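# Results of the structural survey
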Amino acid sequence: MTSSQAQELDDTTHNHGAKPQSPAANKTGTEQRSPHWHRRFAGDIFLLICILFMLLWPWIFFGVVKANRGVQMSNQLSANVARHPHQVGAIVTFIGTINRLIATLLFGKAVVRLGQELIAKNSEPESPEATVFGISALLAFRHMTLVWGARQWKDLVQGASRLAVAALLLASLAALALIPSGTANLITPVEFNKTAELRGKELNFTSDDPGCLTWLAQNQVTNECDWKYYKDTPFTTCLGENQILDVLDSGRANMLSSIGITNKTSSLNQLGGEGGIRFLGSAKGVLPIGPDGVPAFDLLDPQGNPLVDPTIRRGMVSYNYTLTQQGLETVVSCGYSPTSPILSRPIENINTTLVMSTNGICDTAEGLEHVLGRVIDYVTLNTNNTLTYWACKQSPSQDSLDPTYFVYLRGRFNYRDSLGNITCRVSPMRARDLGVVYHSLPGYFTSQAANNLGEASQRPTYAPFTDNMLVGLGNVVWEGQNWASNLFAEAVLSMGAKNLNVSTSEPSDTHLRLFESMIQGVLEYEGTYSRLVYSLGLNDPPPGTCLRTVNGTVSYSVRGWYIDNAGAQAGLLIPMLLINLTSLGLLFACFIMGQFRYTYDVDVTDSMSLLTALVVRTGERDGTDDWENKVQYKPSSSQA
């Protein structure tokens, strides 16, 4: 450009008088439209759709996850997330970064459109122009970067409007910096818990319905052992013999709990199930139902039960389910006695002293009566370590509605010195609601009282129930006898010696406390197995009056997307919301100002446009007016 041409352009720029109207200025709005109107309009619509998508998708995702209380991912995807946690973190970070780049790109496009409409509004059609500061601000917002050097910030802070623009830029940069973290927090898969209600049925041993009592009498546990198949699973029909290991293990687990060792479990293999059923502590007369209880007696309603859905079950990381079931409890207190009602005698017509017969006398004068059913005596080994057993029942007194049971243990020879004569007072089995919880990760059941009412929450059970338990206890003591020792006695003596450092050669109060826990654990396990035998329904299924409803819940952990703290998560999405709303506002402002005429195609922030632009001074050069100098652009070919 020659000096005469520059002088002419400068005179034109500073001429504040009336300017001749160009032909283009006399055209109507329709006639001023760009020749590329359809392309520009389609570009704006596409930009609008992209901004709306970026504006809505995080909140739609947020709403869906929150409304469904978490969204579980597919089993295959869950397995991949579990196997490759670091790669998942990298992918989430990458998506958050991409989300920020898209938001920045759309914001920059909206800024370009705003610049075009502002220049079209404030400039002559043949000479699009803007101030130096305006162009620098558009560049800064277009590329979301600081375009001003350190020396220029001093001039920026001296103008209120310029300072406000700089502050808005810094706020936008901060908002964009938070987009990746907000996105990552939203889409990162986590483990979360879901819950569902459970409902089922079980036998009710507190029913006083005549039909139920008749059914219980017809199917009561006998002292005859046999195998019966139920749903293709074999079960023994008595409380000893084949399951003596389970019985002793239950007593041992209860002893451990009584001395403060609460992390040991008993494995009850005779109840069925793959690998047996494990209880932490005593089974307390509960026959656990559900998918991890006794499989043949899983009476949970499948409706609404996620544990029976194979797809959901495979996707579970862990689960715990709690059922309020009817437990059976007893209280045992033992003491030493100078004498014992247990008698021993040789067996007639057998020429050996290695075997003897033992039984006991229930003194009717003291109100005692026989309680062991068809048991007349026990034929047992006569060794140096023999433990004998008997039990009696005392009729209820005037101030009690329940009978009292007495268990007698008598040691012979070596056991006479270490155990002597022990008499244990046993309360009748009473029912109590227990919260039975299955923990999938350790793989065992626990139980505790479902309320804090103590004995007030206990209810009487079917009258012959405790009688049958004492028959089973006698079978355990009898069957545990061998040539060297008695398993029942040795379980107590070894526990005292190893865990409590108690001598095995003399009586001890510690042994009494251990016998109390041992007997209690055995009786409560037999209560559990009695439920199973009754549930077999050997003659006919139980009537409805013999059943009670079991309620509970299942809480299971799955992998997927979950909103833990809605307020915090929404707060992390606010920066992205503000950026996208600003982009949307800028685009709508362009629609309103330009009315879709698209007067100029020029991108004022484009490098080629800037290289061909001309800066024209508008005042005296005093060091502060440079920001107000005009930048004139060469009209695009569409406007030429």
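## Some details on helix H12 (residues 465-479)
- For H12, with 15 residues, the first-to-last C-alpha span of 21 Å sits near the 21 Å given by 1.5 Å per residue.
- Along H12, 13 of the 15 residues are buried, which leaves the element largely enclosed by surrounding structure.

## Concerning the nonpolar core
- Ranked by size, the top nonpolar core spans 96 residues in total, and within it Leu372, Tyr389, Val407, Leu470, Phe488 and Ile519 carry the most contacts.
- A total of twelve residues in this core trace back to one element, the largest contributor, which is helix H14 (residues 509-535).
- When residues no more than four places from it in sequence are discounted, the contact partners of Tyr389 are Ile342, Leu372, Tyr378, Val407, Tyr408, Leu409, Leu470, Leu473, Gly474 and Val477.
- Counting 49 residues, the second-largest nonpolar core is a separate cluster that includes Val88, Ala175, Ile179 and Ala184.

## Quick look at the pairing of strand E16 (residues 421-426)
- Burial analysis of E16 places five of its six residues in the buried class, the great majority of the element.
- Examined bridge by bridge, strand E9 (residues 332-336) and E16 share five bridges and lie antiparallel to one another. In the sheet register, Ser333 faces E16, and the bridge partner there is Arg425.

## Some details on the packing of helix H9 (residues 244-258) against helix H13 (residues 487-500)
- Direction vectors running N to C along H9 and H13 enclose 25°, while the axes themselves pass 11 Å from each other. Relative to H13, the element H9 lies roughly parallel. The two elements H9 and H13 meet at a crossing, and its hand is right-handed. Where H9 approaches H13, its residues Leu248, Arg252, Met255 and Leu256 are matched on the opposing element by Leu487, Phe488, Ala491, Val492 and Met495.
- Here the contact of H9 with H13 is composed, by residue class, of eight nonpolar, no polar and one charged.

## Examining the pattern of salt bridges
- Tallied over the entire structure, the rule returns eleven salt bridges.
- For Arg113, the salt bridge is made with Asp44, and the minimal N-O distance between the two is 3.0 Å. Taken together, the positions of Arg113 in helix H4 (residues 85-122) and Asp44 in helix H2 (residues 37-67) put the pair 69 residues apart, joining distant regions of the chain. For the pair shown, Arg113 and Asp44 are each scored as buried.
- Across the pair Arg548 and Asp433 runs a salt bridge whose closest N-O atoms are separated by 2.9 Å. Pair noted here: Arg548 is in strand E20 (residues 547-561) and Asp433 is in strand E17 (residues 430-439), with a separation of 115 residues, a long-range link.
- Residue Arg548 is classed as buried on the basis of its relative accessible area, which comes to 14%.
- It is possible to trace a salt-bridge network through shared partners that takes in Asp44, Arg113 and Glu117.

## Details of the confidence of the model for the chain
- On average, residues of the chain carry a pLDDT of 83, and 85% of them reach 70 or more.
- Averaged pLDDT values for the elements of the chain fall to 38 in helix H1 (residues 3-14) and rise to 97 in E9.

## As for the packing of aromatic side chains
- This structure, assessed with the given rule, holds 20 aromatic pairs.
- On the basis of an interplanar angle of 50° and a centroid distance of 5.9 Å, the ring pair of Tyr378 and Trp478 is categorised as tilted. Residue Tyr378 is located in strand E13 (residues 378-381), and its partner Trp478 is located in helix H12; the two are separated by 100 residues in the primary sequence.
- For Tyr378, a relative accessible area of 5% corresponds to the buried category.
- Cluster of aromatic residues (ring-pair linked, three or more members): Phe279, Tyr319, Tyr321, Tyr438 and Phe445.

## A short note on the packing of H2 against helix H15 (residues 566-594)
- Remark: H2 packs on H15, axes separated minimally by 10 Å, with the N-to-C direction vectors making an angle of 160°. Comparing their axes, H15 and H2 come out roughly antiparallel. Judged by the sense of rotation from one axis to the other, the crossing of H2 with H15 is left-handed.
- Residue composition of the contact of H2 with H15, by class: 20 nonpolar, three polar and two charged.

Conventions used here
- Residues numbered from 1 in each chain as written.
- Predicted model: local features only at pLDDT ≥ 70, side-chain atom pairs only at ≥ 80, totals over all residues.
- Heavy atoms only, no water.
- Helix = DSSP H or I, 4+ residues; strand = E, 2+ residues; numbered from the N terminus.
- Expected span 1.5 Å × (residues − 1).
- Buried < 20%, exposed > 50% of the residue type's maximum accessible area, 1.4 Å probe, protein only.
- Core = buried A, V, L, I, M, F, W, Y, C linked by side-chain atoms within 4.5 Å.
- Contact = heavy atoms within 4.5 Å.
- Pairing = 2+ DSSP bridges.
- Axes fitted to C-alpha atoms, helices over the stretch in contact; angles between N-to-C directions.
- Parallel < 35°, antiparallel > 145°, perpendicular 65-115°, else oblique.
- Left-handed = near helix turned anticlockwise from the far one by under 90°.
- Nonpolar A, V, L, I, M, F, W, Y, C, P; charged D, E, K, R; others polar.
- Salt bridge = Lys/Arg side-chain N within 4 Å of Asp/Glu carboxyl O.
- pLDDT = per-residue confidence, 0-100.
- Phe/Tyr/Trp six-rings, centres within 6.5 Å; stacked < 30°, edge-to-face > 60°.

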